[in-house]
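The chain contents come next:
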Amino acid sequence: MGRGDLTDEQWAVLEPLLPKGARSGRPLVWPRRQLIDGIRFRVRTGVPWRNVPSEYGSWGRVYDLFRRWQRNGTWHRILTRLQSLADVKGAITWDLSVDSTVCRAHEHAAGARKQGGLQKEPPGGVFTEPGDHGLGRSRGGFSTKLHLSVEQGQKPMSIVVTAGQRGDSPQFESVLEKVRVPRIGPGRPRVRPDRVRADKAYASRKNRAYLRRRGIRCTIPDKADQARTRRKRGSRGGRPPRFDAADYRERHPVECGINRLKVRHEVAHVKWESHEGRRNVLTPD
């Protein structure tokens, strides 16, 4: 087993969640565990697919498995099931922190087709791609922005992809609406956190009203200009929102979670398929 490959304990949890083969016959040349370790190596290091070490099998088979399961939603189903198992064990702390990060787009994104209908192969995945393909011009250049919620264990619970110049606050509701962890057994999926922590960028009245409607406690500092306006209006300005500075220190998991994603090339390194005229297949590796 190479460094970073699945342990026997991890494989014992993952194997029952994998799709079952429809055909019987000779055993596979490269076992699924070997190919999945190859995918994880590529995700962990960020190397081109052709540079995946041969001990993981043919790089083409490694890529084919990754791409096929991306298109039919297998990866998403596996992740959802693992979240359900983690929730049963109490491994998910339902205090979420919300933030965003900007990612530079791949250099091939600038030369790909702008009209998705003209590309030879449609974008992969099971979700609808944004109309602007999640690309825009920000101060960092041609970029994409990831808006995400992270639980206290630094694991992402939801991700929304927009163009790099999009603001943080308008995506607040979209990020929380995508939180969904099905229960094992009867019952509706868990969609509502106990508390949400966010920085000043999300301190709008609309966001606070949304949290009140859903009965979610929040720790969001007030903006200085909002506080000044409230004081100028006197009693008509209303009371300032409650803010717990000690609780706000617990917002660090979202920063750590973003760092994990970027260091491991899991989400932040946005890939765009450019060969054969295909447009920006955004792959959350």
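These lines cover the structure that appears in this document, whether it is placed above or below. All chains use their own residue numbering, which begins from 1 and follows the written sequence. Note on the predicted model: pLDDT of at least 70 is required for a residue's local features to be given, and 80 or more for side-chain atom pairs to be given and counted; whole-chain, interface and lining totals, by contrast, use all residues. Values shown for side chains rest on all heavy atoms present in the structure; no hydrogens or waters enter the calculation.

**Brief notes about the overall build of the chain**
Secondary structure elements follow DSSP: runs of H or I no shorter than four residues count as helices, runs of E no shorter than two count as strands, and numbering proceeds from the N terminus. Counting its secondary structure elements, the chain contains nine helices and six strands. Within the chain, contacts between residues at least 6 apart in sequence are counted, and of these 62% link residues at least 24 apart. Residue burial considers only the protein chains on display, and all accessible areas are found by Shrake-Rupley using a 1.4 Å probe. Accessible area of the chain: about 16,700 Å², with a carbon and sulfur share of 50%. In what follows, a contact means two residues having at least one pair of non-hydrogen atoms within 4.5 Å.

**Quick word on the packing of helix 2 (residues 32-45) against helix 3 (residues 59-71)**
A pair of packed helices can be characterised by two numbers: the angle between their axes and the separation between those axes. The geometry of helix 2 relative to helix 3 is characterised by a closest axis approach of 9 Å and an angle of 85° between their N-to-C directions. Judged by the angle between their axes, helix 2 and helix 3 are roughly perpendicular. Every residue of helix 3 that contacts helix 2 at R32, L35, I36, G38 and I39 is listed here: R61, V62, L65, F66 and W69. Taken together, the residues of the contact of helix 2 with helix 3 break down into seven nonpolar, one polar and two charged. Between N-to-C directions, angles span 0 to 180 degrees; the directions come from axes that are lines fitted to C-alpha atoms, helices contributing only their stretch in contact. Each angle is binned into one of four classes, with values under 35 degrees roughly parallel, values over 145 roughly antiparallel, values of 65 to 115 roughly perpendicular, and all other values oblique. Under the scheme applied here, ten amino acids are nonpolar (Ala, Val, Leu, Ile, Met, Phe, Trp, Tyr, Cys and Pro), four are charged (Asp, Glu, Lys and Arg), and all others, including Gly, are polar.

**Some thoughts on the pattern of salt bridges**
Pairs may arise between side chains of opposite charge once their charged atoms sit close together. Throughout this description, the term salt bridge denotes a Lys or Arg side-chain nitrogen within 4 Å of a carboxyl oxygen of Asp or Glu. Overall, the coordinates contain nine salt bridges when judged by the stated rule. A salt bridge links R197 to D247; the shortest N-O distance between them is 2.9 Å. Placement of R197 in strand 5 (residues 195-197) and of D247 in helix 8 (residues 245-248) is noted, with a sequence separation of 50 residues between them. Relative accessible area decides the class of each residue, using a 1.4 Å probe on protein chains only: under 20% of the type maximum gives buried, over 50% gives exposed, and in between gives partly exposed. Taking the relative accessible area as the measure of exposure, D247 reaches 15% and is therefore buried. E255 is paired through a salt bridge with R251; the nearest N and O atoms lie 3.1 Å apart.

**Section: the pairing of strand 1 (residues 95-104)**
Remark: a regular strand shows side chains that alternate across the two faces of the sheet. The buried fraction of strand 1 amounts to eight of the 10 residues, a majority that puts the element mostly inside the structure. In this analysis, strands are considered paired if DSSP registers two or more bridges between them. Sheet topology places strand 1 next to strand 5; three bridges connect them, and they run parallel. Bridge pairing in strand 5 links S97 to R197. Both strand 1 and strand 3 (residues 141-150) contribute to a ladder of eight bridges, which runs antiparallel. By the bridge assignment, C103 is partnered in strand 3 with T144.

**Quick notes on the nonpolar core**
Of all hydrophobic cores here, the largest spans 18 residues; its most connected members are L14, L18, I36, I39 and W49. When contributions to this core are tallied by element, the ones reaching two or more residues are helix 1 (8-14), helix 2 and helix 3. Not counting residues within four places of it along the chain, the set of residues in contact with W49 comprises I39, R42, W59, V62, Y63 and F66. In this text, buried Ala, Val, Leu, Ile, Met, Phe, Trp, Tyr and Cys residues form a nonpolar core when linked through side-chain atoms within 4.5 Å.

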